[in-house]
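# Descriptive structure summary
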Amino acid sequence: MTYVSSDRACGPTRRTALAGLVGGAGAVLAAGCTPSDASAPAPSRTASVSAPADDPTPGVMTLFKDPAFNFNGLLALGACGYGAGEVGEVLTAVNTINKAGLSAQTYTETFKKLGDQLMGAPQGSKPGTQTTRFRALRAAQYYGQALFFVLGSGDPGSEEQLYKAGRGAWDKFGELCDPAPVTANVPYGKTPLPVWFFRPDASGERRPTVILTNGSDGQNVDMWTYGVAAALERGWNALVYDGPGQGQLLFVDQVVFTPHWETVVTPLIDWLAARSDVDMGKIALTGLSMAGNLAPRAAAFENRIAALVAIPGVLMPWLGFPSEIRKILTPDKEETNNIWNKEVVPALPPAAAATMKKRVEPFSVPAMLDAREGKMFTDFYTPAKLIESLNITNVVGRIKTPTLILDYDYEQFYPGQPRQMFDKLTAPKDYVKLTTATGAQLHCSPMAPQQHCEVVFDWLQEKLTGS
């Protein structure tokens, strides 16, 4: 990995991406991990440990030929290190899907079936508590895998039901933890935020606490892999939550993202402040994937955050869409939607249409509901303006808390943005780039979450406890 401290050097959300429009009709391609303008690491004045290979997922790292499906498969495989998957189960599912012919349908069916099997009784003797617990955790992972592609399957209307299956598995896992996480609904507007507060034990000891923020399409199980397990191993508390545009608030309550994420994090910290087992001087906030934009926004306005980690740093989520898509948006709503509906939508291949539905649903309830009926949304302007409003370029300078910015070889969604955020920070700051040298390439290091957590928690340990 490459590590840059502000003392020594200076310099210049997730899973699938759109590569752009092709042809006069403007057909969109879902390019996944290797869009033509982002297949190489962003330029940096810092030397990498080793030069990245031409192929971001060489050899056995290629589970599926389609890079979007491959990225998701690698996330499931990487989660095995924290028990949120099983290598044999994942690879067997991969083989089953490839044998049947890779598609959203076969992917969704295969992983849903695997989740269903794990929520049932295993073969042999009656399962013990730990067996049931970790089968539920793996089931949550596999339901999440199925959920990601369900809008492109033959049954898009099952999206909410599939989400609830994954949520049920996650809740079952939590109930069987010792101690079980404290669950609550934290006030937020008209729709409360569901939270899961994990503790190493029930002693009531006052401890450092990390608030883990998910991205635009992650599920709670991803927070186990990218923080909860690591926090508990180090004697920390960990808070997992669904914010607007995420989990329950999106799929059930139908609440979309807000650009004012401080209004989400502040009530969470208020809730923590009422607890006797939280050291209020040692509250950390992390943001995974697109939450590398949300968490910094919150930290710019909430002064009770003692350390911030952006995973990776994201200034403008709108730039995660290719320029051809961004050009559809004009200052005029009617003109924008005419371009979308008359020039773009008619030429969209099915896979690209499914990608657009998935990318837009966290920002538009009508788009989500249309997608569940197998239809393409007609209002491009409204969600596009919401995504555009998440720009925090002019806000980053307000951040005062020590901040760690992560970056990756082959960052395929927000190339260059982590370094740009690092440069704009005026707070104490550090920059770490995870590389191909140890298999930690690609957005959020899908194959190396343990390395990922080592970097994050070693840094947090140093900043908050001095050890």
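The present account deals with the structure reproduced in this document. The residue numbers shown here count from 1 along each chain, following its written sequence. In keeping with the predicted nature of the model, local features appear solely for residues at pLDDT of at least 70, side-chain atom pairs appear and are counted solely at 80 or more, and the whole-chain, interface and lining totals rest on all residues. Only hydrogens and water are set aside; all other atoms, that is, all heavy atoms of the structure, feed into the side-chain values.

For the purposes of this entry, the term helix denotes a DSSP run of H or I that reaches at least four residues, the term strand denotes a run of E that reaches at least two, and both are numbered from the N terminus. The span expected for a helix works out to 1.5 Å for each residue beyond the first. Taking 1.5 Å of rise per residue, 17 residues should cover 24 Å, and helix α5 (residues 159-175) covers 24 Å from first to last C-alpha, within 8% of that figure. We call a residue buried when its accessible area falls under 20% of the maximum for its residue type, exposed when it is over 50%, and partly exposed in between, using a 1.4 Å probe and counting protein chains only. The set of residues buried in α5 consists of E159, L162, Y163, G166, R167, A169, W170, F173 and G174. Seen from one end, α5 has its buried residues packed into an arc of 155 degrees, which puts them on one side. Away from its buried face, by an angle of more than 90 degrees, α5 presents the exposed residues Q161 and E175. The arc under discussion is defined with respect to the helix axis, by the directions toward the C-beta atoms.

Along its 14 residues, helix α2 (residues 87-100) runs 20 Å from first to last C-alpha, staying within 8% of the 20 Å computed at 1.5 Å per residue. Restricting attention to buried positions, one finds in α2 the residues E89, V90, A93, V94 and I97. Buried residues of α2, viewed axially, fall in a sector of 135 degrees; they line one side. In α2, the exposed residues that point more than 90 degrees away from the buried face are N95 and K99. Against the buried residues of α2 lie α1 (67-78), α3 (104-119) and α4 (129-149). Of the residues flanking the end of α2, it is G101, one or two places downstream, whose phi is positive at about 105 degrees. Whether two residues are in contact is decided by their heavy atoms: any pair within 4.5 Å suffices.

Relative to the helices and strands, V395 resides in the loop between α14 (381-388) and β10 (403-408). Spatially, the C-alpha atom of V395 lies 9.3 Å from that of L315, the residues being 80 residues apart in sequence. Once residues lying within four places of it in the same chain are set aside, the contact partners of V395 are R297, A300 and F301.

Another aspect to go through is the pairing of strand β7 (residues 237-241). With five of five residues buried, β7 is to be regarded as a mostly interior element. Both faces of β7 are covered, namely the face carrying N237, L239 and Y241 and the face carrying A238 and V240. As paired strands, strand β5 (residues 193-198) and β7 are joined by four bridges and run antiparallel to one another. Each bridged residue has a counterpart across the sheet, and for F198 the counterpart in β7 is A238. Paired strands are those between which DSSP finds at least two bridges.

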